[in-house]
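Residue-level listing of the chains:
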Amino acid sequence: VLRASTHGPVRILLPMISTVGEIQKARETLAKAARKLKRRKISVPDPLPPFGIMIEVPGAALAADALAQVSDFFAIGSNDLTMYTLAADRANEHVAHLYDPLHPAVLRLIQFATNAALRARIPISICGEIAGDPNFTALLVGLGLHELSMVPAAIPHVKQRIRNMDAVAATARAALIMDQKDSGRIATLLDDFNNLA
């Protein structure tokens, strides 16, 4: 990665992080690798590439304020965050019906991580099924997420939704949604907002 980063911009994204210590250890490992390359007269970038983390376990979302202080960027992994928050693997037929990205707990974790990144002034993005579903776009934008990662086929639909959306109204609707306690009510509020466009 360090060798490649001398030829163009590279960012390093760490998965399954939940503690500040893990990030510090990874940074130490990267610095050690850079020193080793320098001793061998191999060019390395200065400064080293930006270091970010996936927010995909509840512990990371809940510790987002602390993690933001030692990270250069966040990427929310909504599929895993939903699965680990609700203990529901969508691939397991016995519990797949419990997998719900509109569950208030999942949305609060997304909001908490997003707010922590915004306070720390570090970039934040979101990936997973909800990022590529235009039905969720207004909610994500309303929560402050402006970088959405998705499969190429979803881009035109999400792009069209963003073009037709009032961002101020989306922020107001997201605030109303975040006051709800029931995912069914959340889905209704989101559907109603989407049908206005």
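Above this text sits the structure in question.
Undergrad: Which residues make up the nonpolar core, and what are the values?
TA: Ile 53, Ile 55, Phe 74, Ile 76, Ile 110, Ile 126 and Leu 139 are the most contacted members of the largest nonpolar core, which has 50 residues in total. Top element by residues in this core is helix α6 (residues 104–120). It accounts for seven residues. Setting aside anything within four residues of it in sequence, one finds Ile 76 in contact with Met 54, Ile 55, Leu 81, Ile 110, Ala 113, Thr 114, Ile 124, Ser 125, Ile 126, Cys 127 and Leu 145. Counting five residues, the second largest nonpolar core, distinct from the first, contains Ala 138, Val 141, Ala 170 and Phe 193.

Undergrad: Lay out helix α9 (residues 167–178) in plain terms, naming residues and giving numbers.
TA: Its twelve residues give α9 an end-to-end C-alpha distance of 16 Å, which sits within 8% of 16 Å, the value for a rise of 1.5 Å per residue. Buried residues of α9: Ala 170, Arg 173, Ala 174, Ile 177 and Met 178, and no others. Along the axis of α9, the buried residues cluster in a sector spanning 135°; they form a single face. Packed against the buried residues of α9 are α6, α7 (134–142) and α10 (183–196). With a side-chain oxygen positioned 3.0 Å from the backbone nitrogen of Val 168, the residue opening α9 is Asp 166.

How each quantity is defined
- Throughout this description, residue numbers start from 1 for each chain and increase along the sequence as written.
- With the structure being a predicted model, the display of local features is reserved for residues of pLDDT at least 70 and the display and counting of side-chain atom pairs for 80 or more, all residues being used for whole-chain, interface and lining totals.
- Side-chain metrics in this entry use all non-hydrogen atoms of the structure; hydrogen atoms and water are not considered.
- We call a set of buried residues a nonpolar core when its members are Ala, Val, Leu, Ile, Met, Phe, Trp, Tyr or Cys and they connect through side-chain atoms within 4.5 Å of each other.
- Exposure categories follow from relative accessible area, calculated using a 1.4 Å probe and restricted to protein chains: below 20% of the type maximum is buried, above 50% is exposed, and the middle band is partly exposed.
- Numbering of helices and strands runs from the N terminus; a helix is a DSSP stretch of H or I covering at least four residues, while a strand is a stretch of E covering at least two.
- Contacts are assigned to residue pairs that have any heavy atoms within 4.5 Å of one another.
- For a helix, the expected span equals 1.5 Å multiplied by the number of residues minus one.
- An arc is given here, and it is the one of the directions from the helix axis to the C-beta atoms.
- Any pair of N or O atoms that falls within 3.5 Å is considered a polar contact. Within protein, one atom must be able to donate a hydrogen and the other to accept it, and sequence-neighbouring residues count only if both atoms are side-chain atoms.

Functional significance is not addressed by these values, which are geometric in nature.
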